[in-house]
Amino acid sequence: MTPVRLQTFLAIVECGSARAAAQRLSVTESAVSAALAALHREVGVVLLERSGRGLRLTEAGEVFAGYARRILGLLDESVAAARRGVDAERGRLRIGAVTTAGEALIPGLLASFRQRCPRVAVTLDIGVRDRVSALLADHRLDVVIGGRPGAGQVTRATRANSMVVVAAPGPEPDLGSVNWLLREAGSGTRDATLALLQRLQIEPPLLTLGSVGAVVSSAALGLGVTLVSTDAVEAHLRAGTLRRIPAPGTPLSRPWHAVTTAAPTATTELFLRHLTDARHAGEFVFRVARSHPPTRPRG
């Protein structure tokens, strides 16, 4: 079972057909079909079946796809580690962040980290909680800044974060009838908002928007109220374009977590030490998680 066959299989899963997968991989459609046939023979069960003009996962394929992603993620991680040895400052760092942290915290942390470690190759993937957590689980990210860790993941550092209800200046809104602005599906903020509405036993009109930026801008324009991290609206609160609404049960404490897998790379450890160092991280500093502090360099 070769990496090429696994990559081909996942390309078909993501593209929906052998033809589209061939275009993505820059190979012939017959090469894709041959790789899939060989993989079916090796596994001994059908992983993909025809659906109209395309292909879809079977039940066995759904299970296999998860393992395939993790295998390729670990393989990529192992090659990078071997090539760079123990020189953490020449390594690769793949950061993931939930949208709010990606917009409010990561730019400041990256600016100071790049000044200290300019030779580290850094990539950043911003998305909803479910997505970046899954990428970390598949070893396609090295560290995620977001909410609580998923299964098999470890919190290395935390930072205080409060969630408050905000609205544009004006008359006090009726929380049971005013529009509540929601994040997209898969967002932790969306889940927290829906849980708050349930606790308040209200069923107001809901408006789903595509990003934290869209939600905050819409609230500032008077389209409704929203539950949001104070990190995302600090500038608006200072400028007076948004104000806090005294909703029962708020503010909510939802600390940021810097999360890794059980065995972070040396370069990941370097970044964790940076974000917990107040001299360099400044206002964006995290606190070391007591149960799992970052390891110190050897020697």
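Residues numbered from 1 in each chain as written. Predicted model: local features only at pLDDT ≥ 70, side-chain atom pairs only at ≥ 80, totals over all residues. Heavy atoms only, no water.

A look at the overall build of the protein chain
Part 1 of the argument: Secondary structure assignment for the protein chain yields twelve helices and 14 strands.
Part 2 of the argument: Here the C-alpha coordinates of the protein chain stretch approximately 65 × 60 × 30 Å along the principal axes.
Part 3 of the argument: When burial is assessed residue by residue, the protein chain has 45% of its 299 residues classed as buried.
Part 4 of the argument: Taking all contacts inside the protein chain whose residues are at least 6 apart in sequence as the whole, residues at least 24 apart take part in 74%.
Part 5 of the argument: Entry remark: accessible area of the protein chain is about 15,200 Å², with carbon and sulfur atoms responsible for 53%. (Helix = DSSP H or I, 4+ residues; strand = E, 2+ residues; numbered from the N terminus. Buried < 20%, exposed > 50% of the residue type's maximum accessible area, 1.4 Å probe, protein only. Contact = heavy atoms within 4.5 Å. Areas by Shrake-Rupley, 256 points an atom, 1.4 Å probe, with all protein chains shown as cover.)

Concerning the nonpolar core
Part 1 of the argument: In this structure, Ile145, Leu275 and Phe286 are the most contacted members of the largest nonpolar core, which totals 31 residues.
Part 2 of the argument: Residue assignment for this core shows that the elements contributing at least two residues are strand E3 (92-98), helix H6 (106-116), helix H7 (129-137), strand E5 (143-146), strand E13 (256-260) and helix H11 (266-275).
Part 3 of the argument: Beyond its immediate sequence surroundings of up to four residues, leucine 275 is in contact with Leu109, Ile145, Ala157, Ala258, Ala281, Phe284, Val285 and Phe286. (Core = buried A, V, L, I, M, F, W, Y, C linked by side-chain atoms within 4.5 Å.)

Describing the sheet that holds E13
Part 1 of the argument: Spatially, the six strands line up as an open sheet ordered E4-E3-E5-E13-E6-E14, and their pairing is mixed. The open sheet has two edge strands with one neighbour each: strand E4 (121-127) and strand E14 (287-288).
Part 2 of the argument: Pairing geometry for strand E6 (residues 154-159) and E13, over five bridges, is antiparallel. Looking at E13, one finds that arginine 159 is bridged to tryptophan 256.
Part 3 of the argument: In the packing of H6 onto the sheet, the strands contacted are E3, E4 and E5, and the crossing angle to E4 comes to about 175°.
Part 4 of the argument: Seen against the sheet, H7 touches E3, E4, E5 and E13 and runs at an angle of roughly 140° to E4. (Pairing = 2+ DSSP bridges. Axes fitted to C-alpha atoms, helices over the stretch in contact; angles between N-to-C directions.)

With respect to the packing of aromatic side chains
Part 1 of the argument: Applying the stated criterion to the full structure yields two aromatic pairs.
Part 2 of the argument: Taken together, a centroid distance of 5.3 Å and an interplanar angle of 70° make the contact between phenylalanine 9 and phenylalanine 64 edge-to-face. In this pair, phenylalanine 9 is assigned in helix H1 (residues 3-15) and phenylalanine 64 in helix H4 (residues 59-84), connecting sequence segments 55 residues apart.
Part 3 of the argument: By relative accessible area, which is 1% here, phenylalanine 9 ends up buried.
Part 4 of the argument: Given a relative accessible area of 16%, phenylalanine 64 falls into the buried group.
Part 5 of the argument: An angle of 85° between the planes, with centres 5.2 Å apart, marks the rings of phenylalanine 113 and phenylalanine 271 as edge-to-face. Taken together, the positions of phenylalanine 113 in helix H6 and phenylalanine 271 in helix H11 put the pair 158 residues apart, joining distant regions of the chain. Each member of the pair, phenylalanine 113 together with phenylalanine 271, is buried. (Phe/Tyr/Trp six-rings, centres within 6.5 Å; stacked < 30°, edge-to-face > 60°.)

Let's talk about the packing of H6 against H11
Part 1 of the argument: At a closest axis distance of 10 Å, the pairing of H6 and H11 adopts a crossing angle of 115°. The way H6 lies across H11 gives a crossing that is right-handed. In this structure, H6 uses Leu109, Ser112, Phe113 and Arg116 to contact H11, whose residues at the interface are Leu270, Phe271, His274 and Leu275.
Part 2 of the argument: For the contact of H6 with H11, the class distribution of residues is five nonpolar, two polar and one charged. (Left-handed = near helix turned anticlockwise from the far one by under 90°. Nonpolar A, V, L, I, M, F, W, Y, C, P; charged D, E, K, R; others polar.)

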